[in-house]
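Each chain, written out:
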Amino acid sequence: MTMARTWGDYDSAAPLPQGRFRLGSSEHLMVLSRMLLDSHDPYRPALIEWPKLDAETQAKITSLPIWDIAVATEGRASMNVKTFAELIRQPLLKAATEMNAFEEARHKLVLADMVQAYGIVLEEEPAYLRPRDPEFAFMRTGYSECIDSFFGFGLFKIAKDSGFFPPELVDTFEPVMREEGRHILFFVNWVAWWRRNMPWWRRPWFEAKVIAVWFALVWERIDMAKGMGNNTRAQDNNFTLNGSKELGVEVSFPELARICLAENDRRLAIYDQRLIRPRLVPGVMRFVLRFFKAPKAGASR
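Residues numbered from 1 in each chain as written. Predicted model: local features only at pLDDT ≥ 70, side-chain atom pairs only at ≥ 80, totals over all residues. Heavy atoms only, no water.

Draft legend 1. Summary view of the nonpolar core. With 78 residues, the main nonpolar core has Tyr143, Phe165, Phe173, Phe187 and Trp190 as its most contacted residues. With 15 residues, the top contributor of residues to this core is helix α6 (residues 167-195). (Core = buried A, V, L, I, M, F, W, Y, C linked by side-chain atoms within 4.5 Å. Buried < 20%, exposed > 50% of the residue type's maximum accessible area, 1.4 Å probe, protein only. Helix = DSSP H or I, 4+ residues; strand = E, 2+ residues; numbered from the N terminus.)

Draft legend 2. Spotlight on the packing of aromatic side chains. Scanning the entire structure with this criterion turns up 16 aromatic pairs. Both rings, one in Tyr143 and one in Trp214, keep their centres 5.0 Å apart while their planes meet at 50 degrees; by these two values the pair is tilted. Remark: Trp214 occurs in helix α7 (residues 203-227) and Tyr143 occurs in helix α5 (residues 134-162); sequence separation between them is 71 residues. Of the two residues examined, Tyr143 and Trp214, each falls in the buried class. Their ring planes at 50 degrees and their centres at 6.1 Å tell us that Phe253 and Phe292 sit as a pair that is tilted. Linking Phe253 in helix α10 (residues 253-268) with Phe292 in the segment after α11 (280-289), this pair joins segments that are 39 residues apart in sequence. Of the residues examined, Phe253 reaches a relative accessible area of 38% and is grouped as partly exposed. By the ring-pair criterion, three or more aromatic residues cluster together here, those being Phe84, Phe138, Tyr143, Phe187, Trp190, Phe206 and Trp214. Its guanidinium or amino end placed over the ring of Tyr43, Arg106 lies 3.7 Å from that ring's centre, counting from NZ or CZ. (Phe/Tyr/Trp six-rings, centres within 6.5 Å; stacked < 30°, edge-to-face > 60°. Lys NZ or Arg CZ within 6 Å of the ring centre and 35° of its normal.)

Draft legend 3. Main features of the environment of Met30. Examined against the element boundaries, Met30 turns out to sit in helix α1 (residues 26-38). Between the alpha carbons of Met30 and Pro17 there is a distance of 8.0 Å; along the sequence they are 13 residues apart. Those residues in contact with Met30 that lie beyond four places of it in its chain are Ala14, Pro15, Leu16, Pro17 and Leu92. (Contact = heavy atoms within 4.5 Å.)

Draft legend 4. Representation of the packing of α5 against α11. Where α5 contacts α11, the axes come no closer than 9 Å and their chain directions differ by 55 degrees. For the element pair α5 / α11, the angle class is oblique. Facing Cys146, Ile147, Phe150 and Phe151 of α5, the residues of α11 in contact are Val281, Pro282 and Met285. Residues that form the contact of α5 with α11 fall into these classes: seven nonpolar, no polar and no charged. (Axes fitted to C-alpha atoms, helices over the stretch in contact; angles between N-to-C directions. Parallel < 35°, antiparallel > 145°, perpendicular 65-115°, else oblique. Nonpolar A, V, L, I, M, F, W, Y, C, P; charged D, E, K, R; others polar.)

See below:
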């Protein structure tokens, strides 16, 4: 992970722009890049002390059908982001994207250490190949994280409140959850900045890529849903759609959606309010919730 050396190339003491700025401006670029760089948590996975769990809790956690896909997802994300960072020439944006790649790789190390600590048996890891189109791979990783983090925030909240994850394990994973929020915020602002700065002749091709990415992600999740119950891999991939049941908590879809929305808003609220937030998934959830009755005041799960 020698890429960390490049992070010192930016001046962390340089003042950030004040007041409102135009999306796509140099001020926007500085704020979105510095948001990621300045909020970096330098924790080291090798120094994490995994809490000792009682037999019942450890059995519940190790039985979750997510660990294979979680490790592989972080491995692919690291490769995709790292490869795209190699193409960036703007120094500050390059440093921030390299930071993103480093943190994705660190997530994989955290998961690998946890797997080893609790005796979770994984399938053989796939090879992480360099993508042929780094921009498309970076976009697919970014938009996929916008979906998975939205539901992941809510499921993490449920696991915490229900006691499925003991407090010590919640504290251990909290830095990873914070980083996922930073990553999707960085990504959606990069998209907004790049849309306004790319050569005009690239715009139609870029928008075609965006559509292709979303089509691929939606189709992937439809395919996962079809495979539920037929194979372990489908169950792994579909955890975000069925996660509350896996956590032993019966939560209706509207309630899960509201929890995810609240957690998404809470986790992103601590960052610079001038940066745009992911809109599509929260917007779809808010639209869908219009067709469900609001819960009565004082109603509990």
